[in-house]
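A closer look at the structure
As a plain string of letters, each chain reads:
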Amino acid sequence: MTILISNASKGVGTLIKSMTGFGRGRFSSPGFACSVEVRSVNHRFLDLHVRVPTELSPLEVPLRRFIQSKIRRGRIDLVVLVEKNDTVNLSLNRPLLEAYLRILETLKAETRAMVEPDLVQILRIPGIISTESPLSSSASFEQLKTDVTRAAEEALSSLESMKVQEGQALARDIRDRLDSIEKATATIEASSEGLLSAYHQKISTRLKEWIGEIPVDPVRVAQEAALYVERSSIAEEITRLRSHVVQARSLVDGGQDIGKTLDFLLQEMNREANTMLSKTTGITGNGLEIANSAILVKSEIEKIREQAQNVE
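**Focus on the overall build of the protein**
Scanning the protein from N- to C-terminus turns up nine helices and six strands. Across the 312 residues in the protein, those meeting the buried criterion constitute 37%. When the accessible surface of the protein is totalled, it reaches about 17900 Å², and 53% of it is carbon and sulfur.

**Observations regarding the nonpolar core**
A general feature of soluble globular proteins is that nonpolar side chains tend to end up buried together. Judged by nonpolar contacts, the single largest core of 31 residues is most densely connected at I181, L262 and M269. Among the secondary structure elements, those contributing two or more residues to this core are α4 (138–192), α7 (235–254), α8 (258–279) and α9 (286–308). Among the elements that take part in this core, α8 stands out by supplying eight residues, more than any other. Excluding its chain neighbours within four sequence positions, the residues that come into contact with I181 are L241, V245, M269, V297, E300, I301 and I304. By size, the runner-up hydrophobic cluster in this structure holds 23 residues, among which are V50, L56, I71 and L159.

**A few points about α7**
Taking 1.5 Å per residue as the helical rise, α7 with its 20 residues ought to reach 28 Å, and the 29 Å between its terminal C-alpha atoms agrees with that figure. Every buried residue belonging to α7 is among E237, I238, L241, H244, V245, A248, R249, L251 and V252, and all of these are buried. End-on, the buried residues of α7 take up no more than an arc of 160°, which puts them together on one face. Pointing more than 90 degrees away from the buried face of α7 are the exposed residues E236 and T239.

**Points about the packing of α7 against α8**
Viewed as axis vectors pointing N to C, α7 and α8 meet at an angle of 160°, and their least axial separation amounts to 9 Å. Relative to α8, the element α7 is oriented roughly antiparallel. In the crossing of α7 with α8, the sense of the turn from one axis to the other is left-handed. Across from E237, I238, R240, L241, H244, V245, Q247, A248 and L251 in α7, the residues of α8 making contact are I258, T261, L262, L265, E268, M269, E272, T275, M276 and K279. Class assignment of the residues belonging to the contact of α7 with α8 gives a composition of 10 nonpolar, four polar and five charged.

**A few points about the pattern of salt bridges**
When the charged atoms of two side chains lie near each other, side chains of opposite charge can form a pair. Counted by the stated rule, this structure contains 18 salt bridges. A salt bridge links R177 to E300, with the shortest nitrogen-to-oxygen separation between them at 2.8 Å. Of the two residues, R177 is situated in helix α4 and E300 in helix α9; the sequence distance between them amounts to 123 residues. The salt bridge partner of R240 is E236, with a shortest N-O separation of 3.6 Å.

**Observations regarding the environment of Q307**
You can see Q307 is positioned in helix α9. Note: C-alpha distance between Q307 and S18 (289 residues apart in sequence) is 9.3 Å.

**Brief notes about α8**
Helix length check: α8, at 22 residues, gives a terminal C-alpha distance of 32 Å against a target of 32 Å (1.5 Å per residue), a fit within 8%. Of the positions making up α8, those classed as buried are I258, G259, L262, L265, L266, E268, M269, N270, E272, A273, M276 and L277.

**Description of the packing of α8 against α9**
Axis separation between α8 and α9 bottoms out at 9 Å; the angle between their running directions is 165°. By the criterion of interaxial angle, the relationship of α8 to α9 is roughly antiparallel. Judged by the twist between their axes, the crossing of α8 over α9 is left-handed. Contacts from L262, D263, L266, Q267, M269, N270, A273, N274 and L277 in α8 reach A291, A294, I295, V297, K298, I301, I304, R305 and A308 in α9. By residue class, the composition of the contact of α8 with α9 is 12 nonpolar, three polar and three charged.

**Structural notes on the side chain of N310**
On the secondary structure map, N310 appears in the segment after α9. The class for N310 is buried, based on a relative accessible area of 13%. At 2.8 Å, the side chain of N310 and the side chain of S18 are in polar contact. A polar contact of 3.0 Å, which involves the side chain of N310, links it to the side chain of T20. Sequence-distant contacts of N310, defined by excluding residues within four places in its chain, comprise K17, S18, M19, T20, N42 and L170.

**Quick word on the environment of I71**
Of note, I71 is situated in the loop between α1 (60–70) and β4 (74–84). Taking the C-alpha atoms as reference points, I71 and L46, 25 residues apart in sequence, are found 7.7 Å from one another. Those residues within four positions of I71 in sequence are excluded, and the remaining contacts are L46, I76, L156, L159, K163 and E312.

**Looking at the confidence of the model for the protein**
Overall, the prediction assigns the protein a mean pLDDT of 79, with 74% of residues at 70 or greater. Here residues 1–13 is a poorly scored stretch, pLDDT under 50, and it has 22 contacts once near neighbours within four places are set aside; other chains count.

What counts as what
- Residues numbered from 1 in each chain as written.
- Predicted model: local features only at pLDDT ≥ 70, side-chain atom pairs only at ≥ 80, totals over all residues.
- Heavy atoms only, no water.
- Helix = DSSP H or I, 4+ residues; strand = E, 2+ residues; numbered from the N terminus.
- Buried < 20%, exposed > 50% of the residue type's maximum accessible area, 1.4 Å probe, protein only.
- Areas by Shrake-Rupley, 256 points an atom, 1.4 Å probe, with all protein chains shown as cover.
- Core = buried A, V, L, I, M, F, W, Y, C linked by side-chain atoms within 4.5 Å.
- Contact = heavy atoms within 4.5 Å.
- Expected span 1.5 Å × (residues − 1).
- Arc of directions from axis to C-beta.
- Axes fitted to C-alpha atoms, helices over the stretch in contact; angles between N-to-C directions.
- Parallel < 35°, antiparallel > 145°, perpendicular 65-115°, else oblique.
- Left-handed = near helix turned anticlockwise from the far one by under 90°.
- Nonpolar A, V, L, I, M, F, W, Y, C, P; charged D, E, K, R; others polar.
- Salt bridge = Lys/Arg side-chain N within 4 Å of Asp/Glu carboxyl O.
- Polar contact = N/O pair within 3.5 Å; in protein donor to acceptor, adjacent residues only side chain to side chain.
- pLDDT = per-residue confidence, 0-100.

Here it is, written out as structure tokens:
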């Protein structure tokens, strides 16, 4: 079976798409009509479930391949329904009917019964009357195969449009949160410039707690504070966090395998925020401002992560 890809679906491959959507396609012919419904929900991988009538089982594999060419991940349920027209063709199984009548004649002769056969009751016997399937001929099957192809294409195209539409809403929300992270990172960088005095104050306070009013060399305190700042510098974390934000925004604006890659970037961003928090623990003043901004970054990352769960 050859399935054509609609032009309407071209050009949206680099757009962020949701994994949730629904599509329906329908096609009618003089003998019968077919409809295809497809639903998509979140899933880590591509999980296909295709249901077709028994007489159309040869179409299942081509339909699966068609879905795989259009969708990267998500649970996909596709159902094909075939509706016959109002014209019903009945056929009489004459050999079976004649066999029943012969048996009745034999029983009449043996029992000398004067009962005539009831044709209505005989026609109710299973197998005497059968309904001819519109798929009994190869020509009918080929026509239906073409109809199912067109209906499936229409359903997948409709699903794709819904996923793109919902994906754009996701993209707007993610971009806004990336902007928030970028602003918080700028605040962290500005606050980190005053960490030397904050560390100096911390060390001085600790020394007073330990040795009381014994005089302390202020130069030595300044040296220790500078050394502590060097060991606890968050400059690298700020640089990496900014880089991850740029990569995430570029990915949302037009990348491939957006969902999985975005999830990886969010893990790295969360790691940088945690490191900044650990390095500024116990520092008042600027340290508190850095901590509050880092917590805001973690909060926004978690919200983006929730959205990313629905990104294909």
